[in-house]
Amino acid sequence: MIGSREIMSKLYKLSRLPLVPLVKGAKSRLIAGERFMVSFIEMEPGMSFPLHSHESEQIMIVLEGSIKERIGDQEVTLQGGHVLVMESNLIHGGRVSKEGCRAIDIFVPPREDYFRLVSSTPKP
């Protein structure tokens, strides 16, 4: 208890969460609440995300490596320390550099397609 409020929380150890295949060459550990989803994503060198869109707003925080992201008709190269904020239903995709890329994606609301991928992934 802190004051008169009880803090409701969950504690996760990332290494114990399953690596969920998203597309060929990209896997993620996913955590979700009622109104958000966090994806700890690992992308192999040279892999690509096809152009796509989703209802969720997305914040991408690049931790290391780099990715060339196509957003609508623009391209931007994201490197470690960059943060990209994308609105809902924005068409985007990317190609990872030769060193690969690790990032954190935050989705609001959670992506239903990712919930389906989690449910079909064997537990470790």
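Everything here concerns the structure above.
Residues numbered from 1 in each chain as written. Predicted model: local features only at pLDDT ≥ 70, side-chain atom pairs only at ≥ 80, totals over all residues. Heavy atoms only, no water.

1. Observations concerning the pairing of strand β8 (residues 92-108)
What counts here: For two strands to be treated as a pair, DSSP must find at least two bridges joining them. Secondary structure elements follow DSSP: runs of H or I of four or more residues count as helices, runs of E of two or more count as strands, with numbering from the N terminus.
By the bridge criterion, seven bridges tie strand β3 (residues 37-43) to β8 in an arrangement that is antiparallel. When the bridges of β8 are listed, Met 37 appears paired with Phe 107. Bridge count between strand β4 (residues 48-52) and β8: three bridges; the pairing is antiparallel. Its bridge partner being in β8, His 52 is matched across the sheet by His 92. One ladder, built from 13 bridges, connects strand β5 (residues 57-71) with β8; its direction is antiparallel. Bridged to Gln 58 within β8 is Phe 107.

2. Description of unusual backbone geometry
Of all residues except glycine, most have a negative phi; of all peptide bonds, most are trans. Heads up, the rule is: To sort residues, take the accessible area from a 1.4 Å probe on protein chains only and compare it with the maximum for the residue type: under 20% means buried, over 50% means exposed, and anything in between is partly exposed.
That bond from Val 108 to Pro 109 is cis: its omega, -5 degrees, falls within 30 degrees of zero. Positionally, Pro 109 belongs in the loop between β8 and α1 (112-119). The backbone of Asn 89 sits at a positive phi, close to 65 degrees, despite the residue not being glycine. Look at Asn 89 and you get exposed, because its relative accessible area is 51%.

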